[in-house]
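Fold and contact review
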Amino acid sequence: MCLGIPAKVLAIADGPLPMAMVDMAGQKRQCSAMYVPELVVGDWVFVQNGFIMNVLDEQEAKDSLAAIEENDLIEHVAEVSPKRRT
């Protein structure tokens, strides 16, 4: 199962394949911004599989983050992630 997570855009690098640095649940991550050319620093976005899928308003982002936290979904994802297994 893939979980999309709201994140806040910290920086944007233009180019043929634009990338954005985002704050996702307290972690900085590089994500592809190719689907959202209107993106600006400070936007809240929905990230899935390393791609920014769309821009959210701040209330949508906060509501989604509250639901994720309430259901312990981020912790659950970390527990079952193949990258975490040794």
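Residues numbered from 1 in each chain as written. Predicted model: local features only at pLDDT ≥ 70, side-chain atom pairs only at ≥ 80, totals over all residues. Heavy atoms only, no water.

Note the threshold: UniProt positions are given in the numbering used here, feature names are shortened, and annotations may be inferred rather than shown by experiment.
An unreviewed UniProt entry annotates the chain as HypC/HybG/HupF family hydrogenase formation chaperone originating from Corynebacterium amycolatum. Quoted verbatim from the Sequence similarities (unreviewed entry) heading of the UniProt record, the comment on the chain is "Belongs to the HupF/HypC family."

**Here we look at the pattern of salt bridges**
Oppositely charged side chains can form a pair if their charged atoms are brought close together. We apply this condition: Here a salt bridge means any side-chain nitrogen of Lys or Arg lying within 4 Å of a carboxyl oxygen belonging to Asp or Glu. Counting from the N terminus, the helices are DSSP H or I runs at least four residues long and the strands are E runs at least two residues long. Here the term buried applies to any residue with accessible area under 20% of the maximum for its type, exposed to any over 50%, and partly exposed to those in between, with areas from a 1.4 Å probe on protein chains only.
Applying the stated criterion to the full structure yields one salt bridge. Two residues, Glu 58 and Lys 62, come together in a salt bridge whose shortest N-O distance is 3.1 Å. Pair noted here: Glu 58 and Lys 62 are both in helix H1 (residues 58-70), with a separation of four residues, about one helical turn. Taking relative accessible area as the criterion, Glu 58 reaches 42% and is therefore assigned partly exposed.

**Some thoughts on the nonpolar core**
Put simply, the rule reads: In plain words, nonpolar cores are sets of buried Ala, Val, Leu, Ile, Met, Phe, Trp, Tyr and Cys residues tied together by side-chain atoms within 4.5 Å.
If you look at the biggest cluster of nonpolar residues, it comprises 14 residues, and the most contacted ones within it are Ala 20, Val 22, Met 24, Leu 39, Val 45, Val 47 and Ile 52. At the level of elements, strand S1 (5-13), strand S2 (19-24) and strand S4 (44-48) are the ones that each hand at least two residues to this core.

**Observations concerning the environment of Ala 61**
Within the element layout of this structure, Ala 61 appears in helix H1. Judged by relative accessible area, Ala 61 falls into the buried class, the value being 0%.

**Side note on a nonpolar patch on the surface**
Under the convention used in this document: Here, patches come from residues exposed beyond 30% relative accessible area and free of salt bridges, joined within 9 Å for like charges and within 5 Å for nonpolar side chains (Val, Leu, Ile, Met, Phe, Trp, Tyr). Computed with a 1.4 Å probe, the accessible areas rest on the Shrake-Rupley method; for each residue, only the protein chains presented here act as cover.
Taken together, the side chains of Leu 17, Met 34, Tyr 35, Phe 51 and Met 53 define a hydrophobic patch exposed on the protein surface, amounting to about 490 Å² of accessible area. Inspection of the secondary structure assignment puts Met 53 in strand S5 (residues 51-56).

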